[in-house]
Amino acid sequence: MSPIRKELKASQQKSDLQHLSNKYLKTALYHAGRTAGHSNSQNFSVFFNRIANRGSRQKAVIVTGHKILRIIYKLLNTDMLYYDENGGNKKGSLATYNS
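In this report, we go over the structure that sits alongside the text. (Residues numbered from 1 in each chain as written. Predicted model: local features only at pLDDT ≥ 70, side-chain atom pairs only at ≥ 80, totals over all residues. Heavy atoms only, no water.)

1. A closer look at the packing of helix α3 (residues 42-54) against helix α4 (residues 57-78)
- In the contact formed by α3 and α4, the axes pass within 8 Å of each other and the chain directions differ by 140°. In this view, α3 runs oblique relative to α4, as classed from their interaxial angle. The handedness of the crossing between α3 and α4 comes out as right-handed. Residues N43, F44, F47, F48, I51 and A52 of α3 pack against R57, K59, A60, V61, V63, T64, K67, I68 and I71 of α4.
- Of the residues in the contact of α3 with α4, the class split is 10 nonpolar, 2 polar and 3 charged. (Axes fitted to C-alpha atoms, helices over the stretch in contact; angles between N-to-C directions. Helix = DSSP H or I, 4+ residues; strand = E, 2+ residues; numbered from the N terminus. Parallel < 35°, antiparallel > 145°, perpendicular 65-115°, else oblique. Left-handed = near helix turned anticlockwise from the far one by under 90°. Contact = heavy atoms within 4.5 Å. Nonpolar A, V, L, I, M, F, W, Y, C, P; charged D, E, K, R; others polar.)

Next comes the structure, spelled out in structure tokens:
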């Protein structure tokens, strides 16, 4: 899993992505995607269920984990905080960090 997707041929895509990723990171994101999909957070559970209804639940776990990875990548690169609906905002959103 990578937050930046490279354009690869169909034959390269599967094999290259398996070897480029850290196995511990993949495991952590898999569990995070599975947990977020079944959580009370409207952002992730609605996203998870929308993907799961289209195809397999396993694919929904991977896609949700990838979404979490992209959010973390954005937060770390831009010094922003993530606010979930339980944290004050009605929608999960990014907010600037003022220190």
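Structure's up, so let's keep going.
2. Digging into the side chain of T64
- Here T64 shows up in helix α4.
- At 2.7 Å, the side chain of T64 forms a polar contact with the backbone oxygen of A60. (Polar contact = N/O pair within 3.5 Å; in protein donor to acceptor, adjacent residues only side chain to side chain.)

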